[in-house]
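# Working through the structure, step by step
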Amino acid sequence: MIVGLCTIQLQIPASGSLKDKRQVLRSVTARARNEFNISIAEVDHQDSWQLATLGVACVSNEASYVQGLMERVVRFIEGYGELVLLDYETELV
């Protein structure tokens, strides 16, 4: 069993309040969850208006599948118009 973990650092430049930020994050996490069948949640910077850290997890029996899935998730989030990808890190356990 292979567990894939990915932390994604984001900036939300247009956000002027926590309400704006959470609306954007709720949208992107719901779409990613539906598109890729992953677990995803905000895990850091909850009180910052323009910064967010998302944690993504998935389980499979093939490391190559997990690695490819995490790359597709990062590209999906990077292509989401209201977010700026600052950094990400993927780990396979």
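Higher on the page you've got the structure.
These lines cover the structure that appears in this document, whether it is placed above or below. Per chain, residue numbering runs from 1 following the sequence as it is written. Whole-chain, interface and lining totals are the exception, using all residues; otherwise, since this is a predicted model, local features are given only for residues with pLDDT of at least 70 and side-chain atom pairs are given and counted only at 80 or more. As a rule here, side-chain values cover all heavy atoms of the structure and leave hydrogens and water aside.

## What about a nonpolar patch on the surface?
The test is simple: Two joining distances apply to patches: 9 Å for like charges and 5 Å for nonpolar side chains (Val, Leu, Ile, Met, Phe, Trp, Tyr), and every residue must have over 30% relative accessible area and no salt bridge. The Shrake-Rupley method, run with a 1.4 Å probe, gives the accessible areas here. Residue values count only the displayed protein chains as cover. The term salt bridge refers to a side-chain nitrogen of Lys or Arg lying within 4 Å of a carboxyl oxygen of Asp or Glu. Helix and strand assignments follow DSSP, with helices taken as H or I runs no shorter than four residues and strands as E runs no shorter than two, numbered in order from the N terminus. Note on exposure labels: buried denotes an accessible area under 20% of the residue type's maximum, exposed denotes more than 50%, and partly exposed covers the range between, all computed with a 1.4 Å probe on protein chains only.
Nonpolar side chains collect at one region of the surface, where Leu 51, Val 84 and Leu 86 lie side by side and expose about 220 Å² of accessible area between them. Its location among the elements puts Leu 86 in strand β4 (residues 84–92). The partly exposed category is assigned to Leu 86, whose relative accessible area is 46%.

## Side note on the nonpolar core
For soluble globular proteins, the rule of thumb is that nonpolar side chains tend to be buried together. Filter applied, for reference: We call a set of buried Ala, Val, Leu, Ile, Met, Phe, Trp, Tyr and Cys residues a nonpolar core when their side-chain atoms join them within 4.5 Å. In this description, contact between two residues means that some pair of their heavy atoms is separated by no more than 4.5 Å.
Of all hydrophobic cores here, the largest spans 23 residues; its most connected members are Ile 8, Ile 38, Val 56, Ile 77 and Leu 83. At the level of elements, β1 (2–11), α1 (18–36), β3 (51–60) and α2 (63–78) are the ones that each hand at least two residues to this core. No other element matches α2, which puts 6 residues into this core. Apart from the residues within four sequence positions on either side, Leu 83 is in contact with Leu 10, Gln 11, Ile 12, Val 24, Val 28, Ile 77 and Glu 78.

## Considerations on the sheet that holds strand β2 (residues 39–44)
Under the convention used in this document: Two strands pair under a simple rule: DSSP has to find at least two bridges between them. Lines fitted to C-alpha atoms define the axes, with helix axes restricted to the stretch in contact, and inter-axis angles between N-to-C directions lie between 0 and 180 degrees.
Taken together, the 4 strands give an open sheet; going across it, the order is β2-β3-β1-β4, and neighbouring strands pair in antiparallel fashion. In the strand order of this sheet, the two ends are held by β2 and β4, each with one partner. For this sheet, the mean angle separating the axes of adjacent strands, direction not counted, is 20 degrees. Both β1 and β3 contribute to a ladder of 10 bridges, which runs antiparallel. Paired with Leu 10 across the strands is Ala 52, a residue of β3.

## Remarks on the pattern of salt bridges
Between side chains of opposite charge, pairing is possible as soon as their charged atoms come close. Throughout the structure, instances matching the rule amount to 2 salt bridges. Across the pair Glu 42 and Lys 21 runs a salt bridge, and its minimum N-O distance is 2.8 Å. Note that Glu 42 is positioned in strand β2 and Lys 21 in helix α1, a separation of 21 residues in sequence. Note on Glu 42: relative accessible area 22%, which makes it partly exposed. Between Glu 78 and Arg 75 there is a salt bridge; the shortest N-O distance is 2.9 Å. With Glu 78 and Arg 75 both in helix α2 and 3 residues apart, this pair spans about one turn of that helix. For Glu 78, a relative accessible area of 39% translates into the label partly exposed. Exposure remark for Arg 75: the relative accessible area of 45% places this residue in the partly exposed category.

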